[in-house]
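Structural overview
Here are the chains, one letter per residue:
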Amino acid sequence: MADSNPSPRADFLWALAWIAVGAAIFVGGFTMDRLERQNINPYTAPGLVPALLGIGLAALGVFLLARSVRRGGLAAAAVGRAPAGIGRLALALGLCVLYAGGLVGRTLLGWHVPFWFATALFVFVAILAFEWPDRRARGELRRGIVVAAACAVGTAAGVTLVFQEVFLVRLP
Amino acid sequence: MLDGLVLFGRALAGFADPLTLLIIAGACLLGILIGALPGLTATMGVALLTTLTLKMPSDRALLVLVCSYVGAIYGGSRSAILLNIPGTPANAAACLDGHALAQAGLAGRAIGISTTGSVMGTLIGMFFLAVATPWLGEVALKFGAYEFFWLALFGVIISGNLTGNDPLKGWLAGFVGLFIACIGQDPIHAYERFAFDNRDLAGGFQLIPALVGAFGFAEVLTVLAAKTPKPVIHRFDTPLPRIGDVLKHWRTILRSGVIGTFIGVVPGVGEDVASWSSYAAARRASKEPEKYGKGSVEGLMAAETGDNACVPGAIIPVLALAVPGSAPAAVLMAAMIIHGVQPGPLIMVNNPQFVFDVVAMMLYATIGILFFGLALVKPLLKVLQVPREIIMPIVFVLCVIGSYAISQRLFDVWTMLGFGVVGYVLRRYNYPMAPFVLGIVLGDLLDKNLRRGLVLSDGDLTPFFFRPISATLAAICLVTILMNFAAVRRAAHAAYVALTPWRRAA
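Residues numbered from 1 in each chain as written. Chains lettered and ligands numbered in written order. Predicted model: local features only at pLDDT ≥ 70, side-chain atom pairs only at ≥ 80, totals over all residues. Heavy atoms only, no water.

**Considering the overall build of chain A**
On a plain count of helices and strands, chain A comes out with 5 helices and 2 strands. Listing every helix and strand of chain A by position from the N terminus yields α-α-α-β-β-α-α. With the C-alpha coordinates of chain A rotated into their principal frame, the extents come out at 65 × 55 × 30 Å. Taken across its 172 residues, chain A has 40% of its residues classed as buried. For chain A, the accessible area works out to roughly 9600 Å², and carbon and sulfur atoms hold 67% of it. Within chain A, the 8 negative side-chain charges are centred at a point lying 6 Å from the centre of the 15 positive side-chain charges. (Helix = DSSP H or I, 4+ residues; strand = E, 2+ residues; numbered from the N terminus. Buried < 20%, exposed > 50% of the residue type's maximum accessible area, 1.4 Å probe, protein only. Areas by Shrake-Rupley, 256 points an atom, 1.4 Å probe, with all protein chains shown as cover. Lys, Arg positive; Asp, Glu negative; His and termini not counted. Charge placed at Lys NZ, Arg CZ, Asp CG, Glu CD.)

**Brief notes about the interface of chain B and chain A**
Tallying the contact residues gives 62 residues for chain B and 67 residues for chain A. Contact between chain B and chain A buries roughly 5800 Å² in total, counting both sides, with carbon and sulfur atoms accounting for 77%. The interface formed by chain B and chain A holds 4 salt bridges in total. At the junction of chain B with chain A, the criterion picks out 11 residue pairs in polar contact (both at pLDDT 80 or more). At the level of elements, α3 (42-52), α8 (167-182), α10 (207-225), α19 (388-407), α20 (410-428) and α21 (433-456) of chain B are the ones that each hand at least two residues to the side of chain B that touches chain A. Broken down by element, the residue count for the side of chain B that touches chain A peaks at 11 residues, all from α19(B). (Contact = heavy atoms within 4.5 Å. Buried area = accessible area lost by both parts, 1.4 Å probe. Salt bridge = Lys/Arg side-chain N within 4 Å of Asp/Glu carboxyl O. Polar contact = N/O pair within 3.5 Å; in protein donor to acceptor, adjacent residues only side chain to side chain.)

**Points about the domain arrangement of chain A**
Partitioning chain A into domains gives domain 1 (1-82) and domain 2 (85-172). Inter-centroid distance (C-alpha atoms) of domain 1 of chain A to domain 2 of chain A is 38 Å. (Domains from an automatic or database assignment.)

**Some points on a nonpolar patch on the surface**
Taken together, the side chains of A:Trp111, A:Trp116, A:Phe117, A:Leu121 and A:Val125 define a hydrophobic patch exposed on the protein surface, amounting to about 470 Å² of accessible area. In terms of residue count, the dominant contributor to the nonpolar patch is helix α4 (residues 115-138) of chain A (4 residues). (Patch = residues over 30% accessible without salt bridge, like charges linked within 9 Å, V, L, I, M, F, W, Y side chains within 5 Å.)

**Quick look at the environment of B:Leu446**
Counting through the fold element by element, B:Leu446 comes out in helix α21. Taking the C-alpha atoms as reference points, B:Leu446 and B:Leu153, separated by 293 residues in sequence, lie 7.0 Å from one another. With residues near it in sequence (within four places) discarded, B:Leu446 still touches A:Val49, B:Phe149, B:Ala152, B:Leu153 and B:Leu178.

**Digging into the packing of helix α4 (residues 58-83) of chain B against helix α17 (residues 352-375) of chain B**
Residues and elements named next belong to chain B. Between α4 and α17, the shortest axis-to-axis distance is 9 Å and the interhelical angle comes to 40 degrees. It follows that α4 is oblique to α17 by the angle criterion. Between α4 and α17 the crossing geometry is right-handed. On α17, the residues that touch Asp59, Leu62, Leu63, Val66, Cys67, Val70, Gly71, Tyr74 and Arg78 of α4 are Phe354, Met361, Met362, Ala365, Ile369 and Gly373. Looking at side-chain class alone, the contact of α4 with α17 contains 11 nonpolar, 2 polar and 2 charged residues. (Axes fitted to C-alpha atoms, helices over the stretch in contact; angles between N-to-C directions. Parallel < 35°, antiparallel > 145°, perpendicular 65-115°, else oblique. Left-handed = near helix turned anticlockwise from the far one by under 90°. Nonpolar A, V, L, I, M, F, W, Y, C, P; charged D, E, K, R; others polar.)

**Considerations on the nonpolar core**
Side chains of nonpolar character tend, in soluble globular proteins, to be buried together. Counting residues in each nonpolar core, the largest one holds 187 residues, and the members touching the most others are B:Tyr69 and B:Phe396. Looking at this core, the element that brings in the most residues is α10(B), giving 14 residues. When residues of this core are assigned to domains, at least three fall in each of domain 1 (1-82) and domain 2 (85-172) of chain A. Contact partners of B:Phe396, with chain neighbours within four places excluded, come to A:Cys96, A:Tyr99, A:Ala100, A:Phe122, B:Phe217, B:Val220, B:Met416 and B:Leu417. (Core = buried A, V, L, I, M, F, W, Y, C linked by side-chain atoms within 4.5 Å.)

**Considering α3(B)**
By the criterion of burial, α3(B) is predominantly enclosed, with 10 of the 11 residues buried. Packed against the buried residues of α3(B) are α5 (141-166) of chain A together with α2 (18-36), α4, α10, α15 (327-338) and α19 of chain B.

**Notes on the packing of aromatic side chains**
Tallying each qualifying case throughout the model produces 26 aromatic pairs over all chains. Relative to B:Phe411, the ring of B:Phe205 has its centre 6.1 Å away and its plane inclined at 10 degrees; by these criteria the two rings are stacked. Taken as a pair, B:Phe205 in the loop between α9 (199-202) and α10 and B:Phe411 in helix α20 lie far apart in primary sequence, 206 residues in all. A residue is classified by how much of its surface remains accessible, and B:Phe205, at 27% relative accessible area, is partly exposed. When the ring centre of A:Phe30 is taken as reference, the NZ or CZ atom of A:Arg34 above it lies at 4.8 Å. (Phe/Tyr/Trp six-rings, centres within 6.5 Å; stacked < 30°, edge-to-face > 60°. Lys NZ or Arg CZ within 6 Å of the ring centre and 35° of its normal.)

**Digging into the side chain of B:Asn308**
Residues and elements named next belong to chain B. Tracing the chain through its elements places asparagine 308 in helix α14 (residues 297-321). At 3.2 Å, the side chain of asparagine 308 forms a polar contact with the side chain of threonine 122. With near-sequence residues (within four places) excluded, asparagine 308 lies in contact with Val70, Ile73, Tyr74, Ser118, Gly121, Thr122 and Ile369.

**A short note on the environment of B:Thr116**
Residues and elements named next belong to chain B. Inspection of the secondary structure puts threonine 116 in helix α6 (residues 107-140). Placed 294 residues apart in sequence, threonine 116 and leucine 410 show a C-alpha to C-alpha distance of 44 Å. When near neighbours in sequence (up to four residues on either side) are disregarded, threonine 116 contacts Pro241, Val246 and Met301. In terms of polar contacts, threonine 116 uses its side chain to reach the backbone carbonyl oxygen of glycine 112, at 2.6 Å.

What follows is the structure in structure tokens.
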């Protein structure tokens with residue numbers, strides 16, 4: 001799962017990002033309103049802790065930068081193939097964001113997409129898409145469609161029933 | 001002591017009605033299933049169940065969460081033994097010997113050993129939970145703003161140091177978590193920080209959607225991105241534990257239980273470190289270290305005792321200090337707060353019954369895992385064979401609706417999505433999640449107490465470094481950081497050898 005040994009180049013780029021983020025947080029904290037008009041104790045200024053955290057983050061970024069440079073992080077990255085599973089990752093991310101961000105609670109073409117419909121559609125498409133290669137190879141496409149449809153209906157009905165009727169949640 | 005026993009007895013009796021026992025059984029079974037399925041971790045399970053139990057009475061909701069937490073850490077050993085895939089990170093050490101036993105046709109015996117170890121570990125941890133929480137609560141009453149500031153920093157630094165394999169990245173993750181906790185209204189003046197005039201952001205990020213994203217959605221992405229082959233299950237013998245295994249390894253059980261509990265108490269470290277530490281200690285003390293990794297009963301017993309002992313251990317600082325000992329304990333703490341329980345130093349003063357309620361929950365959870373762990377071996381095998389491609393989309397639906405259900409606003413769904421993507425990317429580049437979560441949980445404590453401390457001392461930093469408890473915590477933080485430098489380690493070792501002449505002679 002985790003890339004247990006990211007390249008020094010990746011660490012180098014991450015370090016630059018951390019230094020930039022740390023600096024931005026420090027500036028944000030330092031320039032934050034100190035509420036002098038309200039006569040507050042200056043040690044309780046709201047920006048104090050974020051500014052200190054920004055310094056800490058940038059300092060750790062500098063350590064990471066130094067370490068990555070020592071390990072060869074300045075060398076140009078080798079042009080390689082895309083990491084394994086990138087297509088499946090893109091598919092998973094796309095489907096999940098489309099469902100949670102694009103369908104749930106949205107009104108499309110003047111029609112408020114009901115939660116149960118969005119859920120059933122997502123579960124059906126996701127299961128079918130990820131099982132498609134194996135099912136096709138085994139000649140079980142029809143069975144795959146039935147399984148995906150059953151899971152979709154079951155999930156949509158179960159989640160809607162439990163959250164709407166039992167927990168009294170107004171579904172999006 | 002007697003008061004504690006009375007409270008414990010009252011708690012046991014309070015949970016002994018048929019409906020509650022049914023809920024305990026369901027929660028333990030659900031926890032075991034969550035743990036057994038690779039990709040569903042204990043943190044994710046407890047976070048999702050927090051959203052599912054929102055409308056339940058608080059005692060029952062927390063009972064479900066504790067039972068599922070214990071069940072998930074135990075359940076992870078099932079896939080470790082049978083599939084060589086740890087169900088949760090806590091069960092990685094169990095793969096080494098558990099799967100070797102399964103390959104030798106002793107899967108049933110391995111399941112029996114892991115069940116025995118988990119039960120014994122939970123019981124040992126439960127004993128310390130009952131004994132140490134009141135004591136730690138008493139000590140914590142002496143804590144002031146300075147000590148709480150150091151405690152929060154100590155948690156992030158220790159967690160960053162011990163989880164993952166790169167302390168620098170652990171600390172970076174922890175600092176990012178601390179910063180995220182600063183977003184929204186500040187806890188002293190209610191000034192909006194880093195909200196960019198966004199009304200939702202002004203309220204800050206809610207912990208549960210953030211954790212559901214970082215552990216749930218990130219895991220969904222991880223599992224779906226990798227194609228998993230159909231699991232192969234080895235042949236089976238009886239899972240009934242042998243008394244001889246327990247009697248022969250009583251020292252290992254006791255040692256692993258104590259190590260697991262102690263590691264649980266250390267903020268943010270968690271079950272995986274407890275498991276590996278118990279395993280390593282057992283190997284060092286073993287008469288047969290060469291058998292480790294090749295199907296050692298002792299090794300499996302140590303790993304499984306250690307990780308389950310860590311569960312009650314991780315709850316000790318939650319109750320006494322409001323500082324979680326592990327990532328699932330962080331979610332549990334958030335759930336306690338949602339359900340109106342305020343953990344922290346005053347809990348033994350205001351609500352001592354609750355501490356012993358949790359001890360009783362542990363005992364019921366232990367009985368649950370013992371029963372289901374041994375009785376439902378075959379049905380659990382069927383669950384392990386359900387393809388991840390079917391489970392994960394359903395889990396994601398629960399992530400979405402669970403995040404939404406807390407406050408019924410879509411912003412929490414976006415929070416879950418955002419934290420999921422960030423969590424996935426960070427994990428891919430070896431940034432551990434435990435310090436990140438601990439940072440989010442402890443950020444408020446650090447922020448308030450640093451500023452309060454400065455006000456109390458009128459800007460003088462001396463009390464931060466010269467009060468006894470502050471000085472101890474500050475010294476541990478400093479030593480933890482410095483020991484990561486090779487030159488400091490070499491100097492410390494040289495000094496140690498110089499100060500111990502008998503070692504030099506040896």
